[in-house]
Amino acid sequence: MKKRLGIDIDGTVTCPSTFIPYLNQSFQKNLTLNDITQYNLAPLYDTTEEEMDRWMEKYEAMIYERAPLAEHALEVINGWKNKYELFYISARGRHLYDLTERWFQINGIHYHHIELIGSHDKIEAVKTYHISAFFEDKYDNACDIAEECNIPVILFDTPYNQGPLPNQVIRVKDWLEAKQHIERLL
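Residues numbered from 1 in each chain as written. Predicted model: local features only at pLDDT ≥ 70, side-chain atom pairs only at ≥ 80, totals over all residues. Heavy atoms only, no water.

Trainee: What should I look at first to understand the environment of Asn 107 in this one?
Mentor: Mapped onto the elements of the fold, Asn 107 is located in helix H4 (residues 97-107). Note on Asn 107: relative accessible area 24%, which makes it partly exposed. Considered as a pair, Asn 107 and Pro 68 are 39 residues apart in the sequence and their alpha carbons are 9.0 Å apart. Within the structure, the side chain of Asn 107 is placed 2.9 Å from the backbone oxygen of Trp 103, a separation counted as a polar contact. (Helix = DSSP H or I, 4+ residues; strand = E, 2+ residues; numbered from the N terminus. Buried < 20%, exposed > 50% of the residue type's maximum accessible area, 1.4 Å probe, protein only. Polar contact = N/O pair within 3.5 Å; in protein donor to acceptor, adjacent residues only side chain to side chain.)

In structure tokens form, the structure reads like this:
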């Protein structure tokens, strides 16, 4: 039986700076990825969490449709399509499934399953689908999944996910480095 990889979508398969130009335009800021030092964007854009939620509801579908791929994601992931089962587990809401699947097809990214759970708590999905290793960009998700599920988690390095890591979380700069670790670990 093939091992199953769990892969987050946003900030992992997609470029972590995807939302920044849209946020800058809406909130009249000029932030770069290096300025995004926390996952909660509301304080960085001088707004409330409620306003940020409304903004996301209004723009998320358009932004997800246009999201650029992270560097080397396509070649690495598609290189695994016959070796591993590729299960994407995302906090996106279920109402975005058709748009998300279409984005995968348009961008030529292989997948075996896409699970949109509508929450950042991915532990249950990781357990349900017997994931062997997970790819994530959210700091607390990476730590929680590694500790609760006892699997290696590849954390893509960004300014918003800094902090001490448990042993099973491996920080990488890109998909090429992630590939080296997965081939060593699995």
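Trainee: It is not clear to me how the pattern of salt bridges should be interpreted in this structure. Could you clarify?
Mentor: Opposite charge on two side chains allows them to pair when their charged atoms are near. Tallied over the entire structure, the rule returns 11 salt bridges. Its salt-bridge partner being Glu 51, residue Arg 54 comes within 2.9 Å of it at the nearest N-O pair. Taken as a pair, Arg 54 and Glu 51 lie in helix H2 (residues 49-66) at a separation of 3 residues, close to a single helical turn. By sharing partners, the salt bridges in this structure join Asp 8, Lys 122 and Glu 136 into a single network. (Salt bridge = Lys/Arg side-chain N within 4 Å of Asp/Glu carboxyl O.)

Trainee: What am I meant to see in the nonpolar core here?
Mentor: Note on soluble globular proteins: their nonpolar side chains tend to be buried together. If you look at the biggest cluster of nonpolar residues, it comprises 43 residues, and the most contacted ones within it are Tyr 45, Trp 80, Tyr 88, Phe 135 and Trp 175. The element that contributes the greatest number of residues to this core is H2, accounting for 4 residues. Those residues in contact with Phe 135 that lie beyond four places of it in its chain are Leu 5, Gly 6, Ile 7, Asp 8, Thr 12, Trp 80, Ile 154, Phe 156, Trp 175, Ala 178 and Ile 182. Counting 17 residues, the second largest nonpolar core, distinct from the first, contains Ile 89, Ile 123, Val 153 and Leu 155. (Core = buried A, V, L, I, M, F, W, Y, C linked by side-chain atoms within 4.5 Å. Contact = heavy atoms within 4.5 Å.)

Trainee: Help me understand the packing of aromatic side chains, please; the structure alone is not making it clear to me.
Mentor: Where two aromatic rings form a pair, the distance of their centres and the angle of their planes describe that pair. Under the counting rule described, the total for this entry stands at 15 aromatic pairs. Judged by centre distance (5.7 Å) and plane angle (85°), the ring pair of Phe 19 and Tyr 64 falls under edge-to-face. Placement of Phe 19 in the loop between strand E1 (4-7) and helix H1 (20-27) and of Tyr 64 in helix H2 is noted, with a sequence separation of 45 residues between them. For Tyr 64, a relative accessible area of 6% corresponds to the buried category. (Phe/Tyr/Trp six-rings, centres within 6.5 Å; stacked < 30°, edge-to-face > 60°.)

Trainee: Honestly, the sheet that holds strand E5 (residues 153-156) in this entry has me stumped. Any pointers?
Mentor: Remark on secondary structure: sheet strands pair via backbone hydrogen bonds, oriented parallel or antiparallel. Strand order in this open sheet of 6 strands is E3-E2-E1-E4-E5-E6, and the pairing throughout is parallel. Looking at the sheet topology across the chains shown, the edges are occupied by strand E3 (113-116) and strand E6 (169-172). Each neighbouring strand pair of the sheet contributes to a mean axis angle of 20°, computed without reference to strand direction. Where H4 meets the sheet, its contacts fall on strand E2 (85-90) and E3, and the angle it forms with E3 comes to roughly 145°. (Pairing = 2+ DSSP bridges. Axes fitted to C-alpha atoms, helices over the stretch in contact; angles between N-to-C directions.)

Any functional reading would require information beyond the geometric quantities listed.
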